[in-house]
Amino acid sequence: MQHEQKRQPIKSSVLCSQQSSWMKEYQKANEHHGKELGIVTGIGDRERGARCYESLGTLFQSLGEYQKAKEHHGKALAIKIEIGDMKGEGKMYRGAFDMEYHEKALAIAIKSSERKEEGRMYGYLGTVFQFLGEYQMTKEHYEKALLNAKGVGLYLGNSNLRSVFQSLSEYKKAKEHREKALGLPSQ
């Protein structure tokens, strides 16, 4: 028991030291991205500027500073729209925690005929609907995602549908999708 009490402060000290080290790395990253942003803005490189804003947004998101993350991602999105970077625009929408943005990303994927991205976005939307408990919409989106899936995507798509059918108490269909996900012959 006494041994445990002696180890606890050491663990706390090590964790604080690690946390301090990580924070220093985030601060360095913030400084570097900030400097790069100043340089690329000064030379008028909008594309690299958007990437800097995106990186800063991701950094702030990692730190839990969601308002700053949203601001920086918004600036990156505005630039990507302005310079006509449709793929980058879709990526920014996809990374947002907002159903409206996911729907915009899906529309861009469909418009640009990016089948893989289209399938990914149907999957993301299916997950959002599943969290909302809207299983019929979940099922529809996962089925559409599955139409675009290959390889690992087939496994994930069938696993997702298995989960939805279980939630809907459709156990026979859940079993079928489990077997498909595992590559087992249907019985």
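Residues numbered from 1 in each chain as written. Predicted model: local features only at pLDDT ≥ 70, side-chain atom pairs only at ≥ 80, totals over all residues. Heavy atoms only, no water.

Per an unreviewed UniProt entry, the protein chain carries the name Tetratricopeptide repeat protein 28 and comes from Stylophora pistillata.

Quick look at the overall build of the protein chain now. Looking only at helices and strands, the protein chain has 9 helices and 0 strands in total. Along its sequence from the N terminus, the protein chain presents helices and strands in the succession α-α-α-α-α-α-α-α-α. Within the protein chain, the proportion of its 187 residues that are buried is 30%. Contacts in the protein chain between residues far apart in sequence, at least 24 positions, make up 32% of those at least 6 positions apart. Summing over all exposed atoms, the protein chain offers an accessible surface of approximately 12,400 Å²; the carbon and sulfur share of this is 54%. (Helix = DSSP H or I, 4+ residues; strand = E, 2+ residues; numbered from the N terminus. Buried < 20%, exposed > 50% of the residue type's maximum accessible area, 1.4 Å probe, protein only. Contact = heavy atoms within 4.5 Å. Areas by Shrake-Rupley, 256 points an atom, 1.4 Å probe, with all protein chains shown as cover.)

For the rest of this paragraph, the subject is the UniProt feature "repeat: TPR" (unreviewed entry) in the protein chain. Under the present numbering, the feature "repeat: TPR" (unreviewed entry) in UniProt falls on residues 50–83. End C-alpha to end C-alpha, residues 50–83 measures 10 Å, and it is 88% helix and 0% strand. (UniProt positions renumbered as here; feature names shortened; annotations may be inferred.)

Under the 1.5 Å per step criterion, the end-to-end length of helix 7 (residues 135–147) is 18 Å for 13 residues, consistent within 8% with the ideal 18 Å. Taken together, the buried positions of helix 7 are occupied by Thr138, Lys139, His141, Tyr142, Ala145 and Leu146. (Expected span 1.5 Å × (residues − 1).)

Turning our eyes to something else, we now look at unusual backbone geometry. Although it is not a glycine, Ser113 sits at a positive phi angle of roughly 55°. Here Ser113 is to be found in the loop between helix 5 (99–111) and helix 6 (115–131).

Relative to the 24 Å expected for 17 residues at 1.5 Å per residue, helix 6 spans 25 Å between its end C-alpha atoms, a close match to the ideal helical length. Inspection of helix 6 places Glu117, Glu118, Gly119, Met121, Tyr122, Gly123, Leu125, Gly126, Phe129 and Gln130 among the buried residues, and these make up the whole buried set.

Let us look at the confidence of the model for the protein chain. Scored by pLDDT, the protein chain comes out at a mean of 75, with 78% of its residues at no less than 70. A low-confidence stretch, residues 1–21 stays under pLDDT 50, and its non-local contacts, those more than four residues away or across chains, total 0 contacts. (pLDDT = per-residue confidence, 0-100.)

So, about the side chain of Glu89. For Glu89, the position within the fold is in helix 4 (residues 86–95). Of the side chains with opposite charge, Lys104 comes closest to the buried, unpaired Glu89, at an N-O distance of 7.3 Å. Here Glu89 is in contact with Leu77, Lys80, Ile81 and Ile108, once residues within four sequence places are set aside. (Lys, Arg positive; Asp, Glu negative; His and termini not counted. Salt bridge = Lys/Arg side-chain N within 4 Å of Asp/Glu carboxyl O.)

What tends to happen in soluble globular proteins is that the nonpolar side chains get buried as a cluster. Grouped together as the largest cluster of nonpolar side chains are 22 residues, with contacts concentrated most on Leu37, Tyr53, Leu56, Tyr93 and Leu106. Elements supplying a minimum of two residues to this core: helix 1 (2–42), helix 2 (46–62), helix 3 (66–82), helix 4, helix 5 and helix 6. Per-element tally for this core: the top contributor is helix 2, with 6 residues. Each of two domains, domain 1 (13–84) and domain 2 (98–186), supplies a minimum of three residues to this core. Among all residues touching Tyr53, those that are not within four sequence positions of it are Leu37, His72, His73, Lys75, Ala76 and Ile79. Ranked by size, the runner-up nonpolar core spans 6 residues in total, among them Tyr142, Leu161, Phe165 and Ala174. (Core = buried A, V, L, I, M, F, W, Y, C linked by side-chain atoms within 4.5 Å. Domains from an automatic or database assignment.)

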